[in-house]
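# Tertiary structure, described
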Amino acid sequence: MKNARQVPAVTSLPQSPRDEADHRVRRYALTMTIRIACFALMVLVQPYGWYTWIFGIAAAVLPYIAVVFANAGSDSTETVVESPVQEIEAPRSEPTVIESTDPTVFTIRESRRDES
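The sections below set out a description of the structure shown in this document. All residue numbers refer to positions counted from 1 along the written sequence of the respective chain. Only residues with pLDDT of 70 or above have their local features reported here, since the model is predicted, and side-chain atom pairs are shown and tallied only from 80 upward, although totals for entire chains, interfaces and linings are computed over all residues. Note that water and hydrogens are dropped before the side-chain values are worked out from all heavy atoms of the structure.

## Thoughts on the overall build of the protein chain
- Strands are runs of DSSP state E lasting at least two residues, helices are runs of H or I lasting at least four, and both sets are numbered from the N terminus onward. A tally of helices and strands in the protein chain yields two helices and zero strands.
- Every residue pair with non-hydrogen atoms within 4.5 Å of one another is taken to be in contact. A fraction of 82% describes how many contacts in the protein chain between residues 6 or more apart in sequence connect residues 24 or more apart.
- Shrake-Rupley sampling with a 1.4 Å probe provides the accessible areas, and residues are treated as covered by the protein chains on show and by no other component. On the protein chain, roughly 10900 Å² of surface is accessible, and the fraction owed to carbon and sulfur atoms is 59%.

## A look at the packing of helix H1 (residues 17-44) against helix H2 (residues 50-71)
- Each axis is a line fitted through C-alpha atoms, and for a helix only the stretch in contact is used; angles between axes span 0 to 180 degrees, taken between their N-to-C directions. It is at 8 Å that the axes of H1 and H2 come closest, and there the two elements cross at 170°. In terms of orientation, H1 lies roughly antiparallel with respect to H2. The residues of H2 that touch H1, namely those facing Arg24, Arg27, Tyr28, Thr31, Met32, Ile34, Arg35, Cys38, Phe39, Leu41 and Met42, are Thr52, Phe55, Gly56, Ala58, Ala59, Leu62, Pro63, Ala66, Val67, Phe69, Ala70 and Asn71.
- Its residues assigned to classes, the contact of H1 with H2 shows 16 nonpolar, four polar and three charged. Any angle that falls under 35 degrees is termed roughly parallel, while one over 145 is termed roughly antiparallel, one within 65 to 115 roughly perpendicular, and all others oblique. In this count, Pro and Cys sit with the nonpolar residues alongside Ala, Val, Leu, Ile, Met, Phe, Trp and Tyr, while Asp, Glu, Lys and Arg are called charged and the others, Gly among them, polar.

## What about the packing of aromatic side chains?
- Planes of paired rings set the category: under 30 degrees apart is stacked, over 60 is edge-to-face and the rest tilted, where pairs are Phe, Tyr or Trp rings (Trp by its six-membered ring) whose centres lie within 6.5 Å. Taken as a whole, this structure holds one aromatic pair when the rule is applied.
- Plain terms: the ring middles of Trp50 and Tyr51 are 5.8 Å apart, the flat faces sit at 75° to each other, and that makes the pair edge-to-face.
- Note on classification: 1.4 Å probe, protein chains only; a residue is buried when its accessible area is under 20% of the maximum for its type, exposed when over 50%, partly exposed between these limits. On the basis of relative accessibility, which here comes to 24%, the residue Tyr51 falls in the partly exposed class.

## Structural notes on H1
- Multiply 1.5 Å by the residue count of a helix minus one, and that product is the helix's expected span. Here H1 spans 40 Å end to end across 28 residues, near enough to the 40 Å set by a 1.5 Å rise per residue.
- Every buried residue of H1 is accounted for by Glu20, Thr31, Met32 and Cys38.
- Where the residues of H1 are buried, they touch H2.

## Describing a nonpolar patch on the surface
- Patches were defined on residues exceeding 30% relative accessible area and lacking a salt bridge, with like-charge contacts within 9 Å and nonpolar side-chain contacts (Val, Leu, Ile, Met, Phe, Trp, Tyr) within 5 Å. Every case where a carboxyl oxygen of Asp or Glu lies within 4 Å of a side-chain nitrogen of Lys or Arg is listed as a salt bridge. Side chains of Phe39, Val43 and Leu44 sit close together on the surface and give an oily, nonpolar patch of about 320 Å² of accessible area.
- In this structure, Val43 sits in helix H1.

## Details of H2
- Between its first and last C-alpha atoms H2 spans 32 Å; for 22 residues at 1.5 Å apiece the expected length is 32 Å, and the two agree.
- Bend is the name given here to the angle between axes fitted to two runs of seven residues, the run ending at a residue and the run starting at it. In H2, a bend of some 35° at Val61 exceeds every other bend along the element, and Pro63, a proline, comes one to four places later.
- Of the positions making up H2, those classed as buried are Thr52, Gly56, Ala59, Leu62, Ala66 and Ala70.
- In this structure, the buried residues of H2 make contact with H1.

As C-alpha cells, this is what we get:
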C-alpha cells in the first residue's frame, strides 16, 4: 500500500472549539477567583505581616497570568491520526476497449427562420 490514506478515528480528533473555549473560560474564572481571595486575605487578615505582601503581589500578578493562560491554546489539539480501518487494494482491472467498425456520426444543422 504505497499511498495508504489515513482516516482519522473519532478518538484521535482534537477537542471541539466550543469545548476548548469553555475550558479556557473556566480556567480564567478560577484564576480570577483566586485573585479575589488573595485580595480579600490581604485586607482582612490581621496582624499585617510578610504574608500580606505575598497576597498583594498575587492579587496584582494573577490577572496577567489569567489572561495568558486563557489565551493560550491547549496542547491536546495535537494528536496522532489513528486509522481503525484497514484499506485493501482492489485488483487492477484491464481497461475495456470498444472496437467499432462503423462509427455513427450525427450531424445537426440549424437554420434561423423568420416566421411572419
